[in-house]
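Letter by letter, the chains look like this.
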Amino acid sequence: MAYLSVETSLTGRRWVGPSGEAERQAEALAQQTGLPRPICAVLARAGVPASEAQAYLSPQLRSLLPDPRSLRDMEPAAKRFLAAVTRAERIAIFADYDVDGGASAALLLDWLGAMDRQATLYIPDRITEGYGPNVPAMQALAKDHDLIVCVDCGTLSFEPIAAAKGTDVIVLDHHLGAEELPAALAVVNPNRQDESGDLAHLCAAAVVFLMLVETNRQLREAGRKGPDLMAMLDLVALATVADVAPLIGVNRALVRQGLRVMARRDRPGLVALSDVAKLTSAPSSHHLGFVLGPRVNAGGRIGKADLGARLLACRNPQEAQAMADRLDALNTERREVEDQVRAAAMAQAEERGLDAPLVWAAGEGWHPGVVGIVASRLKEASNRPAIVIGLDGDEGKGSGRSVAGVDLGAAIQRLAAEGLLLKGGGHKMAAGLTVARDKLDEAMARLSDLLAKQGAGDAGPADLRLDGTLMPGAATPEIIDQLDDAGPFGAGAPAPRHAFPSVEIRYAKRVGSSHLRLSFSDGTGPKIDAICFGAYDGPLGDALENHGGARFHLAGRLEINEWGGRRKAQLRLDDAAKAQ
């Protein structure tokens, strides 16, 4: 039965509440731990027993950080990297152009700077070079460097790495590996096929961080002290959230500690970016994924590829401010380009049908820098894996996003092995590809078949999953702070979403072009403010603004609104349904 009997909400979704077993577990946890019921509901959802509740609420790196040497090739990678530093060899860093690649590069540059060493940063142009190492770039770097470190790329770069003759290459990556590995000195990757998979959830920056942990250990064994790695966790947190790595295990501790580091405002690049984005509160995982991450990404999407990485590694506040301003402007430009491509892609996908195992669209001249974001929008609209491809000449370059339980990266890799793609790879939730124009339809049909075998076409429209009900009087800043202790929230650990049943709309007003601000109460207690972004892009805005005195069930995520020194509870509204 639908939660609160909402079979079809205003946005067309069925509301699903916690199972009876989850309710019983939450009640038992509340009795055994003395913690508030809403926090226990989150713990029950995560499968946390009472004996581990406090450890879960306060994740510690010292207990969760894995031994770096548990990853294959880690010791030789750190040993070679340290030897290059000790001998003052010429080091090049070849990084991907997204947040994970930029943060990974900045980690190495930070560490090297603390050791009074420098490195050449090389990030390929998304349009002219594409993803990952290429033969001309690796040949050029090999001529002038003794060591090349590839971060967030390289696992499938057989020919480019072989082209770096006379120079050692280390790969620090997390993308899905093939049966063979490139001829590098070391390939450190938790998603190698010969790895256990226990650390498959790490992003590339976390892999780089582990190599630096191992490098510091080797330094200590030699009687020397390495740089402060804890101060670099802001970069790992940013990359983990922006790359949509699941917030489980050590990732929770990395992000939690990284947010604390970021709140100190010690890194000029992130300070400048936060200020230009008008962040007025302590950073949260939401800010990393939806405010800072897109701006860092903007350079690689439609501007200068290395701008984001250089900002993250920058130590000069004036230079950082100039780069942050440029990235903010590029992000605005990116949104405009994205809106155009999204409208065309959505129309094409709807005409093809949104109920197939794969939703896809391809268009002439669609900017390669926004196809991944548009794929995310198609995925959200259809609850299906989605691919969006920009065609140029005889080829198309595309990006895909998946849904839980469907491994898109593996399917793309198989498609490439079958010869239907010129190249392709990625991980479970995201992938990239290059396809010949004359094989586009055949490749998408085959990919749809592969995804169907994983169950991609079985789901209906995405249900709205709720963690329980709250009355307005219970939504206090204190309970929100306690809910935050069960975080960080993001991929693999969705933020708690609550329903407020049968409430009165006390105030509703359109703000900006498509947003709605409102307040509500249960008629007897205090009222709560709410904000619904994009409300007028769908049916929510008009229905709630013109409520006519009707009562509604409202659903969303609680957050703190800080204004004028006051902290108030606010609901970020996701959905609503008329109360029966």
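Everything that follows concerns the structure shown earlier in this document.
Let me begin by describing the structure that accompanies this report. What you are looking at is a predicted structure, and each value in this text was computed from that prediction instead of being measured.

Okay, the overall build of the chain next. Helix and strand counts for the chain stand at 20 helices and 18 strands. For 580 residues, the compact-globule estimate of 2.2 N^0.38 gives 25 Å, and the C-alpha radius of gyration of the chain, at 24 Å, lies within 12% of that figure. Counting only C-alpha atoms, the chain reaches 75 × 60 × 45 Å along its principal axes. Pairs at least 24 residues apart make up 64% of the contacts formed inside the chain by residues separated by at least 6 positions. Across the chain, 64 positive and 73 negative side-chain charges occur, with their mean positions spaced 4 Å apart.

Look at the link from Gly487 to Pro488: it is a cis peptide, with omega at 5 degrees. Counting through the fold element by element, Pro488 comes out in the loop between helix H19 (477-485) and strand E14 (498-511). The backbone of Asp116 sits at a positive phi, close to 60 degrees, despite the residue not being glycine. Residue placement: Asp116 occurs in the loop between helix H6 (99-114) and strand E3 (120-122). We classify Asp116 as exposed; its relative accessible area is 66%. You will see that Lys278, though not glycine, has its phi angle at about 60 degrees, which is positive.

Grouped together as the largest cluster of nonpolar side chains are 86 residues, with contacts concentrated most on Phe81, Leu108, Trp111, Leu172, Met211 and Leu212. A total of ten residues in this core trace back to one element, the largest contributor, which is helix H9 (residues 204-221). If you look at the next biggest cluster of nonpolar residues, it comprises 41 residues, including Leu29, Ala44, Leu470 and Ile505.

What follows is about a negative patch on the surface. Taken together, the side chains of Asp392, Asp394, Glu395 and Asp438 make up a negatively charged region of the molecular surface. Along the polypeptide, Glu395 turns up in strand E9 (residues 395-401). With relative accessibility at 35%, the residue Glu395 sits in the partly exposed group.

This part covers the environment of Asp228. Inspection of the secondary structure puts Asp228 in the loop between H9 and helix H10 (233-242). Sequence separation of Asp228 and Asp110 is 118 residues, and the distance between their C-alpha atoms is 9.9 Å. At a separation of 3.1 Å, a polar atom in the side chain of Asp228 contacts the main-chain amide nitrogen of Met230.

So, on to helix H12 (residues 268-276). Where burial is concerned, most of H12 is hidden: eight out of the nine residues are buried. Along H12, the residues that are buried comprise Pro268, Gly269, Leu270, Val271, Ala272, Leu273, Ser274 and Val276. Looking at the packing, one finds that the buried side of H12 touches H10, helix H11 (250-263), helix H13 (285-302), helix H14 (307-313) and helix H15 (317-352). Lys278 occupies a position one or two residues after H12 and carries a positive phi of about 60 degrees.

Moving on: the state of the cysteines. Under the definition given, this model contains zero disulfides. Unpaired in this structure, Cys150 has its nearest cysteine sulfur neighbour in Cys153, at a distance of 5.0 Å.

Going through the model one piece at a time under the given rule, you end up with three aromatic pairs. Judged by centre distance (5.4 Å) and plane angle (45 degrees), the ring pair of Phe81 and Trp111 falls under tilted. Of the two residues, Phe81 is situated in helix H5 (residues 74-86) and Trp111 in helix H6; the sequence distance between them amounts to 30 residues. Residue Trp111 is classed as buried on the basis of its relative accessible area, which comes to 0%. Between Phe500 and Phe520, the ring centres sit 5.4 Å apart and the planes meet at 65 degrees, which makes this aromatic pair edge-to-face. Separated by 20 residues along the polypeptide, Phe500 in strand E14 and Phe520 in strand E15 (residues 515-521) bring together distant segments of the chain. One exposure class covers both Phe500 and Phe520, and it is buried. Stacked on the ring of Trp360, the Lys or Arg Arg352 has its end atom at 3.7 Å from the ring centre.

The topology assignment puts His427 in the loop between strand E10 (423-426) and strand E11 (430-436). Those residues in contact with His427, other than ones at most four positions away along the chain, are His174, His175, Asp243, Asp407, Leu408 and Gly409.

This paragraph deals with the sheet that holds strand E6 (residues 186-188). What links the strands of a sheet is backbone hydrogen bonding, and the strands pair in either a parallel or an antiparallel sense. In space, the five strands of this open sheet follow the order E3-E2-E4-E5-E6, with parallel pairing throughout. The sheet terminates laterally at E3 and E6, the two strands that pair on one side only. Averaged over all neighbouring strand pairs, the angle between strand axes comes to 15 degrees, with direction disregarded. Sheet topology places strand E5 (residues 168-172) next to E6; three bridges connect them, and they run parallel. Opposite Val171, over in E6, you have Val187 as the bridge partner.

How two helices pack is summed up by the angle between their axes together with the distance between the axes. Helix H18 (residues 440-452) packs onto helix H17 (residues 408-417) with a crossing angle of 135 degrees between their chain directions and a minimal axis gap of 10 Å. Relative to H18, H17 is oriented oblique. Two packed elements cross with a definite hand, and for H17 against H18 that hand is right-handed. Across the interface between the two elements, Leu408, Ala411, Ile412, Arg414 and Leu415 of H17 pack against Ala443, Arg446, Leu447, Leu450 and Leu451 of H18. A breakdown of the residues in the contact of H17 with H18 according to their chemical character gives eight nonpolar, no polar and two charged.

Turning our attention to H17. The set of residues buried in H17 consists of Leu408, Gly409, Ala411, Ile412, Gln413 and Leu415. Those residues of H17 that are buried lie in contact with strand E8 (386-392), E9, E10, E11 and H18. For H17, the N-terminal capping position is held by Asp407, with its side-chain oxygen 3.3 Å away from the main-chain nitrogen of Gly409. A positive phi of about 85 degrees marks Gly419, the residue just after H17.

This part is about the sheet that holds E8. With mixed pairing, five strands are arranged side by side in an open sheet as E7-E8-E9-E11-E10. Sheet topology places strand E7 (359-364) and E10 at the edges, where each strand pairs with a single neighbour. Mean inter-strand twist for the sheet, computed between neighbouring axes without regard to direction, equals 15 degrees. Pairing geometry for E8 and E9, over seven bridges, is antiparallel. Its bridge partner lying in E9, Ile389 is registered against Gly398. The sheet strands contacting H18 are E7, E8 and E11, and the helix crosses E8 at an angle near 170 degrees.

Cut-off values and rules
Residues numbered from 1 in each chain as written. Predicted model: local features only at pLDDT ≥ 70, side-chain atom pairs only at ≥ 80, totals over all residues. Heavy atoms only, no water. Helix = DSSP H or I, 4+ residues; strand = E, 2+ residues; numbered from the N terminus. Rg over C-alpha atoms; globule rule 2.2 N^0.38 Å. Contact = heavy atoms within 4.5 Å. Lys, Arg positive; Asp, Glu negative; His and termini not counted. Charge placed at Lys NZ, Arg CZ, Asp CG, Glu CD. Buried < 20%, exposed > 50% of the residue type's maximum accessible area, 1.4 Å probe, protein only. Core = buried A, V, L, I, M, F, W, Y, C linked by side-chain atoms within 4.5 Å. Patch = residues over 30% accessible without salt bridge, like charges linked within 9 Å, V, L, I, M, F, W, Y side chains within 5 Å. Areas by Shrake-Rupley, 256 points an atom, 1.4 Å probe, with all protein chains shown as cover. Salt bridge = Lys/Arg side-chain N within 4 Å of Asp/Glu carboxyl O. Polar contact = N/O pair within 3.5 Å; in protein donor to acceptor, adjacent residues only side chain to side chain. Disulfide = S-S within 2.5 Å. Phe/Tyr/Trp six-rings, centres within 6.5 Å; stacked < 30°, edge-to-face > 60°. Lys NZ or Arg CZ within 6 Å of the ring centre and 35° of its normal. Pairing = 2+ DSSP bridges. Axes fitted to C-alpha atoms, helices over the stretch in contact; angles between N-to-C directions. Parallel < 35°, antiparallel > 145°, perpendicular 65-115°, else oblique. Left-handed = near helix turned anticlockwise from the far one by under 90°. Nonpolar A, V, L, I, M, F, W, Y, C, P; charged D, E, K, R; others polar.

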